[in-house]
Amino acid sequence: MNEQQRKEASQIKQSNPSDVKNDSESNLERLKQMGSDELIGKYFQTTYEPPNLKKAKKRLKKDVDIHYDFSISEEMQTIGEGKKFLIRTYGCQMNEHDTEVMAGLLTDMGYQTTDDVNQADVILLNTCAIRENAENKVFGEIGHLKPLKLENPDLIIGVCGCMSQEEAVVNRILKKHPFIDMIFGTHNIHRLPSLLKEAMFSKEMVVEVWSKEGDIIENLPKVRKGRIKGWVNIMYGCDKFCTYCIVPYTRGKERSRLPEDVIQEVRHLAAQGYQEVTLLGQNVNAYGKDLEFEYGLGDLMDELRKIDIPRIRFTTSHPRDFDDRLIEVLAKGGNLLDHIHLPVQSGSSDILRVMARRYTRESYLELVRKIREAMPNATLTTDIIVGFPNETDEQFEETMSLVREVGFESAYTFIYSPREGTPAARWEDNIPMEVKKERLQRLNALVNEQAKQAMQQYEGEIVKVLVEGESKKDPDVLSGYTERNKLVNFRASKSLIGKLVDVKITKAKTWSLDGELAKETAEVL
Ligand code: SAH
Ligand code: SF4
Ligand code: F3S
């Protein structure tokens, strides 16, 4: 830790609200005040601690073990025979991929999947805590599930994912939704078979949330959602501690998988016929920093590009760790796609500083310049937060001008949402909602305009499309994505699903392109 970081850490430490309530005794006191012995009994089963920046920052680098010997106990291997499961997933790709792991575990226990809540014997809600509205959706869904549980007491309902890592959420479920059978977090997904067993045979709610991140478990089963595109975790957790963000607390510290394990998984997907992989991490550019040898994302990508799979993407990049080695490797092209999602969050250096993003407007623009120099056709997309505490009109205008200057072709835009336990949640959320909404609208109008312009360049061009399936709106239309992640719809035979084909763009819309199979491809077919 350098002097600056130490200073920031100690400033945050002094006023971190969770410092005063982070031991299990005070949790117990609070539950006692609620006056329910039953709740106390249940709470003892947890090992939960609330977000605590001081403790989290002390996380040791090298106390993570990698396990290759996971197995499901014999008695649990058949427990799901004749039964069905349903998992509802909220949040980011990381959660989507965790759902694939949980689906793998349940399948190995004999369960089959269903889309119908009425048919399910096990329902899991894999939750997201990133903003308040994400949490509200989940509480709404919990309410909807209650009648099902009353009708069928054997139904097991579990809440997992990032919300489970928050103390307030666990308490609210314990208190207000006692019909939930189990709560587990993001660090103990591999414990699902044991927790399920406990939930089946216990009358108590089973709550097991680990505040400390777990080890890396390499050989967990997975049932992937598709057979064309696959996700591959390259690292877990986040050590960036942006002041608004709950992720470092819900996902724990940065832990990189070993390069050989990642390479083997990508090779395996290629051998199974997958056409595209997306490497996943909250901050993939920090890949390798925690390994005991010098190795980074650039080195990993340089290995992966030699694998015979047509497309490799990665998400999410943090501007701070985007180094020259990575730019140099990405510029080699081939199966490494030049679409870079590079969240900026704000165009104002002052706001970036209080967000603790650790880059400035100028250094972000310099990074963009370097990327463009090496990859002149690169597509850049981003994430932006509006209405951060104290954000002035001028500072918001700096965000607008940065969006114009970089020419982002799309952006995920959000209204700031205070998250309990994060440093920013202590600051007054002082931008009125109508101002936040107005800023968001203006920003979205600009992003839409730029998206539309970027799409127009494709009219008349031939693009490579990875055909994913029938379009959502019209089953006679196929859809897929270009290398730069533009959605393309066109009419052609369904036999093309899963293939890479050339499509001539006939019409550009704001968020998609219409096209027809390129003449040569059509003739060959
Ligand atoms: N690791 C990624 C982002 C993960 S969260 C990164 O650092 O870029 C996805 C996006 O949610 C963030 O980029 C940010 O724009 C938004 N976000 C995170 N916390 C938020 C909060 N408290 N309020 C509003 N938006 C938030
Ligand atoms: Fe959150 Fe991303 Fe910042 Fe990590 S880098 S704290 S995930 S916004
Ligand atoms: Fe949400 Fe957790 Fe992802 S908070 S955005 S599901 S890491």
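Residues numbered from 1 in each chain as written. Chains lettered and ligands numbered in written order. Predicted model: local features only at pLDDT ≥ 70, side-chain atom pairs only at ≥ 80, totals over all residues. Heavy atoms only, no water.

- Looking at an unreviewed UniProt entry, one finds the chain named tRNA-2-methylthio-N(6)-dimethylallyladenosine synthase and attributed to Paraliobacillus ryukyuensis.
- Looking at the chain in UniProt, the text filed under Subcellular location (unreviewed entry) is "Cytoplasm".
- As recorded by UniProt, the Subunit (unreviewed entry) comment attached to the chain reads in full: "Monomer." (UniProt positions renumbered as here; feature names shortened; annotations may be inferred.)

Some points on the site of ligand 1
- If you check the shell around ligand 1, you find 15 residues, and the closest are Gln 282, Pro 343, Gln 345, Asp 383 and Ser 417.
- One of the backbone N or O atoms of Tyr 244 is found 3.1 Å from a nitrogen atom in ligand 1.
- Contact distances for ligand 1 include 2.5 Å between a nitrogen atom and a backbone N or O atom of Gln 282.
- For ligand 1, the protein covers 90% of the area, taking 540 Å² as the surface of the free molecule.
- Elements that contribute at least two residues to the shell around ligand 1 include exactly β15 (379–386) and β16 (410–415). (Near = heavy atom within 4 Å. Polar contact = N/O pair within 3.5 Å; in protein donor to acceptor, adjacent residues only side chain to side chain. Areas by Shrake-Rupley, 256 points an atom, 1.4 Å probe, with all protein chains shown as cover. Helix = DSSP H or I, 4+ residues; strand = E, 2+ residues; numbered from the N terminus.)

With respect to the site of ligand 2
- With respect to spatial proximity, the complete set of residues near ligand 2 consists of Cys 238, Lys 240, Phe 241, Cys 242, Tyr 244, Cys 245, Val 247, Pro 248, Gln 282, His 318 and Arg 357.
- Of the residues that constitute the shell around ligand 2, the class distribution is seven nonpolar, two polar and two charged. (Nonpolar A, V, L, I, M, F, W, Y, C, P; charged D, E, K, R; others polar.)

Examining the packing of aromatic side chains
- Going through the model one piece at a time under the given rule, you end up with eight aromatic pairs.
- Ring geometry for Phe 388 against Trp 427: centres 6.2 Å apart, planes inclined by 80°, an arrangement best described as edge-to-face. Linking Phe 388 in the loop between β15 and α15 (393–406) with Trp 427 in the loop between β16 and α16 (433–456), this pair joins segments that are 39 residues apart in sequence.
- What makes Trp 427 partly exposed here is its relative accessible area of 31%.
- Ring-pair connections join several aromatic residues into one group, and the members of that group are Tyr 244, Phe 388, Tyr 416 and Trp 427.
- Cation over ring: Arg 131 sits above Phe 414, and NZ or CZ is 3.7 Å from the ring centre. (Phe/Tyr/Trp six-rings, centres within 6.5 Å; stacked < 30°, edge-to-face > 60°. Buried < 20%, exposed > 50% of the residue type's maximum accessible area, 1.4 Å probe, protein only. Lys NZ or Arg CZ within 6 Å of the ring centre and 35° of its normal.)

A word on the side chain of Glu 135
- Inspection of the secondary structure assignment puts Glu 135 in helix α6 (residues 132–151).
- Dropping the residues within four chain positions of it, Glu 135 is found in contact with Cys 128, Ala 129, Met 163, Glu 166, Val 169 and Arg 419. (Contact = heavy atoms within 4.5 Å.)

What about the sheet that holds strand β9 (residues 229–233)?
- Spatially, β9-β12-β13 is the arrangement adopted by the three strands of the open sheet, whose pairing is parallel. The sheet terminates laterally at β9 and β13 (311–315), the two strands that pair on one side only. Here the average twist between neighbouring strands, direction ignored, is 25°.
- Where strand β12 (residues 276–280) and β13 come together, five bridges link them in parallel fashion. Paired with Thr 278 across the two strands is Arg 313, which belongs to β13.
- This element, helix α5 (residues 93–108), spans β9, β12 and β13 of the sheet and lies at about 100° to β9.
- This element, helix α11 (residues 297–304), spans β12 and β13 of the sheet and lies at about 160° to β13. (Pairing = 2+ DSSP bridges. Axes fitted to C-alpha atoms, helices over the stretch in contact; angles between N-to-C directions.)

Examining the UniProt feature "coiled-coil region" (unreviewed entry) in the chain
- Under the UniProt annotation, "coiled-coil region" (unreviewed entry) lies at residues 433–468.
- Taken end to end, residues 433–468 is 67% helix and 19% strand, and its two terminal C-alpha atoms sit 39 Å from one another.

Examining the sheet that holds β16
- The sheet built from three strands is open, its strands ordered β14-β15-β16 with parallel pairing. Edge positions in the open sheet fall to β14 (339–341) and β16, since each of these has one partner strand only. The sheet shows a mean angle of 10° between the axes of neighbouring strands, direction not considered.
- Sheet topology note: the β15/β16 ladder contains six bridges and is parallel. Within β16, the residue paired with Ile 385 across the bridge is Phe 414.

Concerning the pattern of salt bridges
- The full count for this structure, using the stated rule, is 37 salt bridges.
- Its salt-bridge partner being Arg 325, residue Glu 328 comes within 3.2 Å of it at the nearest N-O pair. Placement of both Glu 328 and Arg 325 in helix α12 (residues 324–330) is noted, with a separation of three residues, approximately one turn of the helix.
- A residue is classified by how much of its surface remains accessible, and Glu 328, at 45% relative accessible area, is partly exposed.
- Each of the salt bridges in this network shares a partner with another, and the network as a whole consists of Asp 299, Asp 302, Arg 305, Arg 325, Glu 328 and Lys 332. (Salt bridge = Lys/Arg side-chain N within 4 Å of Asp/Glu carboxyl O.)

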